[in-house]
Amino acid sequence: QVRVVESGGGLVQPGGSLRLSCAASGSIFSMYAMAWYRQAPGKQRELLAAITKDRKTNYADSVKGRFTISRNNAKNTVYLQMNSLKPDDTALYSCAASLYYSNKPSDWPYWGQGTQVTVSS
């Protein structure tokens, strides 16, 4: 079983940057695929970026070229670097872990509580 805890959210102006972190514990981190999702009020949960245990990455079209997912297995942490932020990026950002990559939220068994990102002037 894996426990994940997100951090790094906050208020940022349009065009600004943030780096989210997700610290994992409880199992062998390097064996897990990791993903970042977000959910805005009234909208469905959206897969933003994922990284497999082999470091293959996948991005949603809405963030491709602006967001970068990476992992540090020595620190049991996955990151989401977010640049050129827009007001539409405002949402609760959550980290998820799974032994197998999937683009369906229901296939990811381990979730954090999320960290709020607000993009506003």
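First things first, this report covers the structure right here in the doc.

Rules used throughout
- Residues numbered from 1 in each chain as written.
- Predicted model: local features only at pLDDT ≥ 70, side-chain atom pairs only at ≥ 80, totals over all residues.
- Heavy atoms only, no water.
- Helix = DSSP H or I, 4+ residues; strand = E, 2+ residues; numbered from the N terminus.
- Buried < 20%, exposed > 50% of the residue type's maximum accessible area, 1.4 Å probe, protein only.
- Polar contact = N/O pair within 3.5 Å; in protein donor to acceptor, adjacent residues only side chain to side chain.
- Contact = heavy atoms within 4.5 Å.
- Core = buried A, V, L, I, M, F, W, Y, C linked by side-chain atoms within 4.5 Å.
- Pairing = 2+ DSSP bridges.
- 1 Å grid on protein atoms, 1.4 Å probe; cavity = no way out; pocket = protein on both sides within 12 Å on 5 of 7 lines; lining within 4 Å.
- Points joined across faces, edges and corners; volume = space filled by probe spheres on them.
- Nonpolar A, V, L, I, M, F, W, Y, C, P; charged D, E, K, R; others polar.

Let us look at unusual backbone geometry. Here the phi dihedral of Asn76 falls at roughly 50°; this positive angle occurs in a residue that is not glycine. Turning to its location among the elements, Asn76 is positioned in the loop between strand E7 (67–72) and strand E8 (77–82). Even without being glycine, Ser84 reaches a positive phi, approximately 50°. With respect to the secondary-structure elements, Ser84 resides in the loop between E8 and strand E9 (91–98). Look at Ser84 and you get partly exposed, because its relative accessible area is 40%.

Moving on, we get to the side chain of Arg66. Here Arg66 is to be found in the loop between strand E6 (57–59) and E7. Using a relative accessible area of 11% as the deciding quantity, one classes Arg66 as buried. Of the polar contacts made by the side chain of Arg66, one reaches the backbone oxygen of Ser84; its length is 3.0 Å. In this structure, Arg66 is in contact with Gln81, Met82, Asn83, Ser84, Leu85, Lys86 and Asp89, ignoring residues within four places of it in sequence.

Below, the discussion takes up the nonpolar core. Counting 30 residues, the largest nonpolar core has Met34, Trp36, Val78, Leu80, Met82 and Tyr93 as the members making the most contacts within it. Mapped onto this core, the elements with two or more residues apiece are strand E3 (18–25), strand E4 (33–39), strand E5 (46–51), E7, E8, E9 and strand E11 (115–119). In contact with Met82, other than residues within four places in its own chain, are Gly16, Ser17, Leu18, Leu20, Arg66, Phe67, Tyr93 and Val117. Among the nonpolar cores identified, the runner-up in size contains 7 residues, and Ala33, Tyr37, Ala50 and Trp108 belong to it.

Residues of E11 alternate between two faces, with Thr115, Val117 and Val119 buried on one and Gln116 and Thr118 left unburied on the opposite face. Strand direction decides the pairing type here: E9 and E11, joined by 3 bridges, are antiparallel. Bridging from a neighbouring strand, Ala91 pairs with Val117 of E11.

This brings us to the layout of surface pockets. Approximately 170 Å³ is the volume found for the largest pocket. What lines the largest pocket is a set of 13 residues, among which Arg38, Ala40, Lys43, Glu46 and Asp88 lie closest to the centre. In terms of residue class, the lining of the largest pocket is made up of 2 nonpolar, 4 polar and 7 charged.

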